[in-house]
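In case you want the letters, here they are:
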Amino acid sequence: MNVLLINPKHNNSKNNFPWGVLSIGSYLKQKNKNVKILDLSNYAQDHMDKLDEDTNWADLVGIGIFSSDIPGIIEIIDSIKIKDPSMPIIFGGPHVVLDPTSTCEYSNIDFICYGEGERTLDSLIDELEKHESNFANVSGLMYKHNNQIVKTVPSHPVEFYDIDYELLHEDVQKTFNDYIQVLTGRGCSYRCTFCYNPVINQKFRPRVAGMIINEIDKVVKKYNPKVIYFRDENFFQEKDRILDFIELYKEMNYTFKWRATCRVSYFRDNYIN
């Protein structure tokens, strides 16, 4: 089964790392699934032609969306269904997690993933490949059945896996020598009122420093980036992990510059001085 993962157009083509579909795609590749990412930000005027080309290849379309993406994405999925009414379409991403039921009710959306999507999409592919599919077996899924919305049991987070950067557009890959993003942990344990994490009860799940270095070493050997941006939501949440990372960075004689996001309250004498 060919799986097309679409990232909506966000007008950022140079250094765009669509982490939702990139993570899902990397996981599925490691599960020996056929995956392609279509990041619409990489196409100026001709994205509908590229969309037609890639949907002709696909047997399943997955789309990750923010709420602001809805108008453009509705137009896209309607056009897909007009061309091929039998094409299964699954939605995921922040908007879906925040408003799963009404998203699933839309006629041209077949499935939604209401949590982290790796296990859900992997299992959905397996079910769709069966002669008789039973979607109740797929955790983390919502779908329509007999005019009712069915919600399966929640899915469980997967272990960390390496990112397949070759899934990104070739123009983005050409920038890796200058700049690349690496994910070393998921989520954040704080409960800021402006943030998405408290709504989904997300917790900080970090990779240990040794595992960080293992992935960085692969990135350095392949792309030799001048700058690595650690794309974690709260890279500095565990101070000891960062101190261990810095020591390993020195031991490996790395020369790349690195940057990361941080809570302003960490800047104090006994944390980040």
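Coordinates for the structure precede this section.
Everything quoted here is computed from the prediction, not taken from an experiment.

Before going further, it helps to examine the nonpolar core. The biggest cluster of nonpolar side chains holds 54 residues, and the ones touching the most others in it are F17, L121, Y165, I216 and F245. The greatest single-element share of this core, amounting to seven residues, is contributed by helix α9 (residues 209-223). Discounting residues that sit within four places of it in the chain, Y165 has contacts with F17, W19, Q173, F176, I180, Q181, V182, E215, V219 and Y223. Counting residues in each nonpolar core, the second largest holds 23 residues, with I63, I76, I80 and I89 among its members.

Here helix α10 (residues 239-251) spans 19 Å end to end across 13 residues, near enough to the 18 Å set by a 1.5 Å rise per residue. Restricting attention to buried positions, one finds in α10 the residues R241, I242, F245 and Y249. For α10, the arc enclosing every buried residue in end-on projection is 95°, short of the 170-degree limit, so these residues lie on one face. In α10, the exposed residues that point more than 90 degrees away from the buried face are D240, K250 and E251. The inward-facing, buried residues of α10 contact β10 (205-206), α9, β11 (227-230) and β12 (257-260).

So, on to the environment of E118. Topologically, E118 is positioned in helix α6 (residues 118-128). Once the C-alpha coordinates of E118 and S26 are considered, the two residues, 92 residues apart in sequence, prove to be 9.3 Å apart. When residues no more than four places from it in sequence are discounted, the contact partners of E118 are S23, I24, Y27, V158, Y161 and R186. Within the local environment of E118, its side chain forms a polar contact with the side chain of R186, the two groups lying 2.4 Å apart.

Let us now look at the sheet that holds strand β2 (residues 34-39). Read from one edge to the other, the open sheet built from seven strands follows the order β2-β1-β3-β4-β5-β6-β7, with strand pairing classed as mixed. The sheet terminates laterally at β2 and β7 (148-151), the two strands that pair on one side only. Taken pair by pair, the neighbouring strands of this sheet meet at an average axis angle of 25°, ignoring direction. Relative to strand β3 (residues 60-64), strand β1 (residues 2-7) is paired through four bridges, and the arrangement is parallel. Looking across to β3, one finds that L5 is bridged to G62. Of the strands in this sheet, β1, β3, β4 (89-92), β5 (111-113) and β6 (141-145) are in contact with α6, which crosses β3 at around 160°.

What counts and how
- Residues numbered from 1 in each chain as written.
- Predicted model: local features only at pLDDT ≥ 70, side-chain atom pairs only at ≥ 80, totals over all residues.
- Heavy atoms only, no water.
- Core = buried A, V, L, I, M, F, W, Y, C linked by side-chain atoms within 4.5 Å.
- Buried < 20%, exposed > 50% of the residue type's maximum accessible area, 1.4 Å probe, protein only.
- Helix = DSSP H or I, 4+ residues; strand = E, 2+ residues; numbered from the N terminus.
- Contact = heavy atoms within 4.5 Å.
- Expected span 1.5 Å × (residues − 1).
- Arc of directions from axis to C-beta.
- Polar contact = N/O pair within 3.5 Å; in protein donor to acceptor, adjacent residues only side chain to side chain.
- Pairing = 2+ DSSP bridges.
- Axes fitted to C-alpha atoms, helices over the stretch in contact; angles between N-to-C directions.

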